[in-house]
Amino acid sequence: MTDSLMESLNDTPTETPAQAAAIRAGWTITTVILGVVLLTSLIGMLLGGSGAGQIRFLLEAALCWNVYRGRGWARALLVLMLLGTGALLLSAGNPFSTVLGVVPLLGAAALCFVPQVNAYFRYASKM
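On a predicted model such as this, the values are computed, not experimentally measured, just so you know. (Residues numbered from 1 in each chain as written. Predicted model: local features only at pLDDT ≥ 70, side-chain atom pairs only at ≥ 80, totals over all residues. Heavy atoms only, no water.)

Draft legend 1. Up close: the nonpolar core. Counting 19 residues, the largest nonpolar core has Val67, Leu78, Leu82, Leu111 and Phe121 as the members making the most contacts within it. The dominant element in this core, judged by the number of residues it contributes, is helix H6 (residues 115-126), at five residues. (Core = buried A, V, L, I, M, F, W, Y, C linked by side-chain atoms within 4.5 Å. Buried < 20%, exposed > 50% of the residue type's maximum accessible area, 1.4 Å probe, protein only. Helix = DSSP H or I, 4+ residues; strand = E, 2+ residues; numbered from the N terminus.)

Here is the structure:
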């Protein structure tokens, strides 16, 4: 094993049980949001059938990976993307797109304001 891996195995946890529970809850919320983003991108790629859909999926996958790793710039970019998507869907004017427009807005709000998600990002950014 490498030295850094051995050090990480020997480190004592610095989180209290309550902090660890908040980090796990934040991880779950973040993972669900990222899964929905990737799933909708994958469906769009499969239904679109163009090369642009594949490139978009790959870019979104790279962005989601960086969000998962706790990088602040990626989190901010994803929040902006979700806000834009939500605004576009809400402006379409029909009830179905209005309901769909709320979903990305809720995801953006969760990434910004849910304390457990913030705890997860503090933890993930240190890794």
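Draft legend 2. Summary view of the UniProt feature "transmembrane region" (unreviewed entry) in the chain. The UniProt record annotates "transmembrane region" (unreviewed entry) at residues 27-52, 73-93 and 99-121. Helix makes up 90% of residues 73-93 and strand 0%, whereas the separation of the span's terminal C-alpha atoms amounts to 32 Å. This span, residues 99-121, is 96% helix and 0% strand, and a straight line between its end C-alpha atoms measures 28 Å. (UniProt positions renumbered as here; feature names shortened; annotations may be inferred.)

Draft legend 3. Representation of the packing of aromatic side chains. Per the stated rule, a full pass over the model turns up three aromatic pairs. Aromatic side chains tyrosine 68 and tyrosine 120 sit 6.4 Å apart centroid to centroid with 50 degrees between the ring planes, which places their arrangement in the tilted category. Residue tyrosine 68 is found in helix H3 (residues 51-68), and its partner tyrosine 120 is found in helix H6; the two are separated by 52 residues along the sequence. By relative accessible area, tyrosine 68 is classed as partly exposed at 30%. Accessibility expressed as a relative area gives 5% for tyrosine 120, which makes it buried. Taking 5.5 Å as the distance between ring centres and 70 degrees as the angle between the ring planes, the aromatic pair formed by tyrosine 120 and phenylalanine 121 counts as edge-to-face. (Phe/Tyr/Trp six-rings, centres within 6.5 Å; stacked < 30°, edge-to-face > 60°.)

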